[in-house]
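Examining the three-dimensional arrangement
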Amino acid sequence: MSATFVGMPPFPTAARQALADTQLRHNLAHATGTIRAKRAKVVDEVEHWEDLRLAGAAVKARALADLETNLVRLEESLTAQGATVHWARDAAEACEVVARVARSHDVDEVVKVKSMATQEIELNEALQAQGIAAWETDLAELIVQLGDDLPSHILVPAIHRNRAEIREIFRSKMAGSGRPAPDDLTDEPAVLAGAARQHLREKFLRAKVAVSGANFAVAETGTLVVVESEGNGRMCLTLPEVLVSVVGIEKVVPTFAELDPLLRLLPRSSTGERMNPYTSMWTGVTPGDGPQEVHVVLVDNGRTRALADEVGRQALRCIRCSACLNVCPVYERTGGHAYGSVYPGPIGAILNPLMRGQGDPQVDSLPYASSLCGACFEVCPVRIDIPEVLVHLRSKVVDAHREDRVPKAEAVAMKSTAWAFTDARRLAAGERLSGLAGRVLTRVGKARLPGGRATAGRLPGPGAAWTGARDLPAPPRESFRAWWRRTDGGRSEGSGQPEQSEQKGGE
Amino acid sequence: MKVALMVTCVNDAMFPDTGKAVVRLLRRLGVDVEFPAAQTCCAQPMVNTGYLDEAVPVVRTYVDAFAGYDAVVTPSGSCAGSARHQHGLVARRSGDPALEKAVADAPPTYELTEFLVDVLGVTDVGAYFPHRVTYHPTCHSLRMLGVGDRPRQLLESVRGIRLAELPGAEECCGFGGTFAVKNAETSVAMGSDKARHVRETGAEVLVAGDNSCLMHIGGLLSRQQAGVRVMHLAEVLAATEDDAEQVPTERPVDLAAQQSAGRTDAIQHGLEQGATS
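The structure presented is a predicted model; accordingly, all values stated were derived computationally and were not measured. (Residues numbered from 1 in each chain as written. Chains lettered and ligands numbered in written order. Predicted model: local features only at pLDDT ≥ 70, side-chain atom pairs only at ≥ 80, totals over all residues.)

**Structural notes on the overall build of chain A**
We apply this condition: For helices the rule is a DSSP run of H or I covering at least 4 residues; for strands it is a run of E covering at least 2, with both sets numbered from the N terminus onward. In this description, any two residues whose backbone-derived C-beta atoms lie within 7 Å of each other are considered to be in contact.
The secondary structure content of chain A amounts to 23 helices and 10 strands. In terms of principal-axis extent, the alpha carbons of chain A reach across some 95 × 55 × 55 Å. Considering only contacts within chain A whose residues lie at least 6 apart along the sequence, 74% involve residues at least 24 apart.

And the structure:
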């Protein structure tokens, strides 16, 4: 797999390309619409959903508030149960641990459980560079890998593909990495899944080493948890002799009992199911049963940076359900690739800047990739106030540019607007000018809004960003404050100018 | 009760008729609302674009302008949300304990429908508006303030009105403040879908509680020559049978006739071009 997010343009540019992709728009509108409806249905049937959200948020907040203690306890529990714990500060260290384990068993391939952490650290590419093939076994990840593509959704990485495209990928690419697709392959979902099953089974049976992530890691017991739908994860977690799990440090949960709200919140929020089909739990090594060599790589890779941000640290509560993606009107239209990261959508728009900091124009564009409509916060099972964090991160982007020798046009505009808004007399003076413009526009302009008010016409420069596709009303001849002053708040007739119907634009 | 009108910068400079409608409506209901002339803006444009330092003096102007009133009422869910949820953040950023205290002590800010239903306890405001109307619940009124069905209760009590259900009503229109220009293409893509839903209702008038969102959706509808105008909820509620000049007299557009003449396809075509250009 050679596809990479490195070098992606800032969001507005990437979004422009995505918006023009009619197939993508169609696939996403259909897929997110379907999953949104499913989620809404199964959430509605839970009587105390809001209490459950509060409980889930509280568990994760507790774990993060004392992260150091919980992680040390996790390491002790895992070690006591026969697992080997590795600590990785960044992606390179984490990848190296996995490669070392694979090399120590002299293998040239590993099978993988779907895992966001390994996508984040670009493990497949790192292993490939050392001559080790990493086979994705999750159906959607397989589609992405075979298509030399990039994931565009946390839960459904191939959400941007429809079944006709998937059939084409299987037909042309499966033969290159194992058992080819059957000649009579159709685009029926069951037929496509059957072809994937045949293709993957050979890899499951052959592999000596498996790589996974974890949805949760219980500090008290050393138990790792993987939640999935297909059973491919269960195959990877039980068949091979060696298992390496790459786990972000924010996945720790203090006690086993505290899994309760999280395991109830996750399936309803992510796939819109009451319960996910497979929940695998393993605690170190069980003699004679499953992998006999178990490694756990605890990865930071920017998480402690996020934790240091008082407003932003709530993003580490994320359980990767992707409900915020499915409900986001921006994601629905631009798709996941526009965000330039394995974490797209609203959560990606905060997680990437929190983990990577400010300074990269692509990352800096992400907090602005939102209309702040708040739908993401409303569905988040662990109550991450994404709009609040977005606004906070916007201020960090602005602050990072405060020392620029040449200020951005936006900064100049904001500073002068704020200057006008600091004193009502300045604002009134500005309104007198815009009123003058309004009078001219109303007299000379011919275009009218529905209802009759004059438009401002097509504006040049930055104004074109608005009027390129939207009419803009011409300013009224008299501002509200001028009207209030002239007519004593409408109590007298006033003098000079007509009082009524400025918005309707009639003379 | 001493009640102040926070007209908002957008209404002050662009939509004064909305402010006048609030004044007429509240006077009719016995509230002699005042307009503190020192007011300017709630500072949301600065806050939401990340310019917190710049927002500090604007918030200071806001709290000074409204100090001493019992309540502030505003025809905007978004600006009410800013006053209630963002001013504390800006004050903390300022590091000025006096500003923090002033924000904490500021009078409560109500969005218009909250003020009517919760404070005045009315849902029938005596309005008359004989038009086919659809209502868009703006995101901040819906999700930041939680105004719920208050606007709907008020609209249902308007005489002569014919309310049409808006499909996908709770989805954002794509305005989003500076989002509308920083990510103009995405904003327009969202707005095009909203405009399509509005047209599907066959309504003559699209009503909402925020003129900023209406400026965006209305701008798209206008460019499409869709024959639908936008109007702030306050103006609908202010209209009465006696106050004939306030009742708009434009003839309703017959969307059904347009559809049978095949114009809908042309509009749809123009819409999608607008969305992707």
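**Describing the packing of helix α1 (residues 11-19) of chain A against helix α12 (residues 184-200) of chain B**
Heads up, the rule is: All axes are obtained by fitting lines to C-alpha atoms, using only the stretch in contact for helices, and the reported angles, taken between N-to-C directions, cover 0 to 180 degrees. Small angles under 35 degrees read as roughly parallel and large ones over 145 as roughly antiparallel, with 65 to 115 read as roughly perpendicular and the rest as oblique. Under the convention adopted here, Pro, Cys and the residues Ala, Val, Leu, Ile, Met, Phe, Trp and Tyr are nonpolar, Asp, Glu, Lys and Arg are charged, and Gly plus all remaining residues are polar.
At a closest axis distance of 8 Å, the pairing of α1 of chain A and α12 of chain B adopts a crossing angle of 40°. Relative to α12 of chain B, the element α1 of chain A lies oblique. For the pair α1 of chain A and α12 of chain B, the contacting residues are Ala15, Arg16 and Leu19 of chain A in the first and Glu185, Thr186 and Ala189 of chain B in the second. For the contact of α1 of chain A with α12 of chain B, the per-class residue count stands at 3 nonpolar, 1 polar and 2 charged.

**Observations concerning the pairing of strand β4 (residues 209-212) of chain A**
Residue and element names in this part refer to chain A. As a reminder of what qualifies: Counting other C-beta atoms within 10 Å of a residue's C-beta gives its exposure: the residue is buried at 20 or more, exposed at 12 or fewer, and partly exposed in between, where C-beta atoms are placed from the backbone. Note on pairing: DSSP must find at least two bridges between two strands before they are called paired.
Burial along β4 is two-sided: the residues Val209 and Val211 and Ala210 and Ser212 are all buried. Pairing analysis gives 2 bridges linking strand β2 (residues 109-112) to β4, with the strands arranged parallel. Pairing of Val111 across the sheet is with Ala210, part of β4. Two elements, β4 and strand β7 (residues 242-248), share 4 bridges in a ladder whose sense is parallel. When the bridges of β7 are listed, Val211 appears paired with Val244.

**Describing the interface of chain B and chain A**
Each partner contributes to the interface: chain B provides 67 residues, whereas chain A provides 58 residues. Here the side of chain B that touches chain A takes 8 residues from helix α13 (residues 211-223) of chain B, the largest share from any one element. Here the residues of the side of chain B that touches chain A are counted per class, giving 35 nonpolar, 20 polar and 12 charged.

**A closer look at the confidence of the model for chain B**
Test applied: Each residue carries a pLDDT value, the predictor's own confidence for that position, ranging from 0 to 100.
For chain B, per-residue confidence averages 90 on the pLDDT scale, and residues scoring 70 or more make up 88% of the total. Under the prediction, the complex receives an ipTM of 0.94, its pTM being 0.93.

**Side note on the pairing of β7 of chain A**
All names here are of chain A. Of all 7 residues making up β7, 7 are buried, and the element is well covered by its neighbours. Residues of β7 alternate between two faces, with Val242, Val244, Val246 and Gly248 on one and Leu243, Ser245 and Val247 on the opposite face, all of them buried. Note: β7 against strand β10 (residues 293-299), 7 bridges, orientation parallel. Paired with Val244 across the bridge in β10 is His295.

**Observations regarding the environment of Pro450 of chain A**
If you trace the backbone, Pro450 of chain A turns up in the loop between α21 (424-444) and α22 (464-467). Look at Pro450 of chain A and you get buried, because 21 C-beta atoms sit within 10 Å. Considered as a pair, Pro450 of chain A and Leu237 of chain A are 213 residues apart in the sequence and their alpha carbons are 63 Å apart. In this structure Pro450 of chain A touches Leu221, Ser222, Gly227, Val228 and Arg229 of chain B, once residues within four positions along its chain are discounted.

**Structural notes on the sheet that holds strand β1 (residues 84-88) of chain A**
All names here are of chain A. Spatial strand order, β1-β10-β7-β4-β2-β3: 6 strands in an open sheet with parallel pairing. Two strands lie at the open edges of the sheet, namely β1 and β3 (133-136), each paired on one side alone. Each strand of the sheet is rotated relative to its neighbour by a mean of 25°, with strand direction disregarded.

**Quick look at the sheet that holds strand β5 (residues 162-164) of chain B**
Residue and element names in this part refer to chain B. Across the sheet, which stays open at both edges, the 4 strands sit in the order β5-β4-β6-β7 with parallel pairing between neighbours. Two strands bound the open sheet, and with one partner strand each, they are β5 and β7 (229-232). Each neighbouring strand pair of the sheet contributes to a mean axis angle of 35°, computed without reference to strand direction. Relative to β7, strand β6 (residues 205-208) is paired through 4 bridges, and the arrangement is parallel. By the bridge assignment, Val207 is partnered in β7 with Met231. With respect to the sheet, α13 is in contact with β6 and β7, its orientation differing from that of β7 by roughly 180°.

**As for the nonpolar core**
Rule in force here: In plain words, the nonpolar core is the set of buried Ala, Val, Leu, Ile, Met, Phe, Trp, Tyr and Cys residues that C-beta atoms within 7 Å link up.
Core analysis: the biggest nonpolar cluster contains 235 residues, and Val98, Val246 and Val297 of chain A together with Ala55 of chain B have the highest contact counts within it. It is helix α4 (residues 52-66) of chain B that provides the largest number of residues to this core, a total of 8 residues. Leaving out residues up to four positions away in the same chain, Val246 of chain A has contacts with Ala94, Val98, Ser115, Ala117, Thr118, Ile121, Leu123, Val211, Gly213, Val297 and Val299 of chain A.

**Some words on the environment of Gly233 of chain A**
Residue and element names in this part refer to chain A. Here Gly233 shows up in helix α11 (residues 232-238). Gly233 gets classed as buried once you count the C-beta atoms within 10 Å, which come to 24. Taking the C-alpha atoms as reference, Gly233 lies 25 Å from His337; in sequence the two are 104 residues apart. The contact partners of Gly233, leaving out residues within four places of it in the chain, are Val113, Lys114, Ser212, Val226, Glu228, Tyr278 and Ser280.

**Structural notes on unusual backbone geometry**
Residue and element names in this part refer to chain A. Positive phi is not limited to glycine here, since Arg320 has a value of about 60°. By the C-beta count within 10 Å, which is 20 here, Arg320 ends up buried. Although it is not a glycine, Ser322 sits at a positive phi angle of roughly 75°. With respect to the secondary-structure elements, Ser322 resides in the loop between α13 (303-307) and α14 (323-327). Take Ser322: there are 30 C-beta atoms within 10 Å of it, and that puts it in the buried class.

**Comments concerning the packing of helix α16 (residues 345-356) of chain A against helix α19 (residues 386-400) of chain A**
All names here are of chain A. Counted only if it meets this: Throughout, a crossing is termed right-handed when the near helix is turned clockwise from the far one, and left-handed when it is turned anticlockwise from it by less than a right angle.
Two numbers describe how α16 lies on α19: the axes approach to 10 Å, and their chain directions differ by 40°. Regarding the angle of α16 to α19, the classification is oblique. Both α16 and α19 take part in a crossing whose hand is left-handed. Within the contact between the two elements, α16 uses Pro346, Ile347, Ala349, Ile350 and Pro353 and α19 uses Ile386, Val389, Leu390 and Leu393. Considering only residue class, the contact of α16 with α19 consists of 9 nonpolar, no polar and no charged.

**Some thoughts on helix α3 (residues 49-65) of chain A**
Residues and elements named next belong to chain A. Worth spelling out the cut-off: By definition here, a helix of n residues has an expected span of 1.5 Å times n minus one. In this description, the arc belongs to the directions extending from the helix axis to the C-beta atoms.
Under the 1.5 Å per step criterion, the end-to-end length of α3 is 24 Å for 17 residues, consistent within 8% with the ideal 24 Å. Among all positions of α3, only Arg53, Gly56, Ala57, Val59, Lys60 and Ala63 are buried. Buried residues of α3 fall within an arc of 155° about the axis and therefore sit on the same side. Opposite the buried face of α3, by more than 90 degrees, sit the exposed residues Glu50, Asp51 and Ala65. For α3, the secondary structure elements touched by its buried residues are α4 (67-80), β8 (252-253) and α12 (259-270).

**What to know about α4 of chain A**
For an α-helix, the turn length of 3.6 residues means that residues three or four places apart are oriented alike. Residues and elements named next belong to chain A. Its 14 residues give α4 an end-to-end C-alpha distance of 20 Å, which sits within 8% of 20 Å, the value for a rise of 1.5 Å per residue. Those residues of α4 lying buried are Asn70, Leu74, Ser77 and Leu78. Viewed end-on, α4 has its buried residues packed into an arc of 95°, placing them on one side of the element. Exposed and oriented more than 90 degrees from the buried face of α4 are Glu68, Val72 and Ala80. Next to the buried residues of α4 lie α3, β1, β5 (216-218), β8 and β10. Two residues or fewer after α4 comes Gly82, characterised by a positive phi angle close to 90°.

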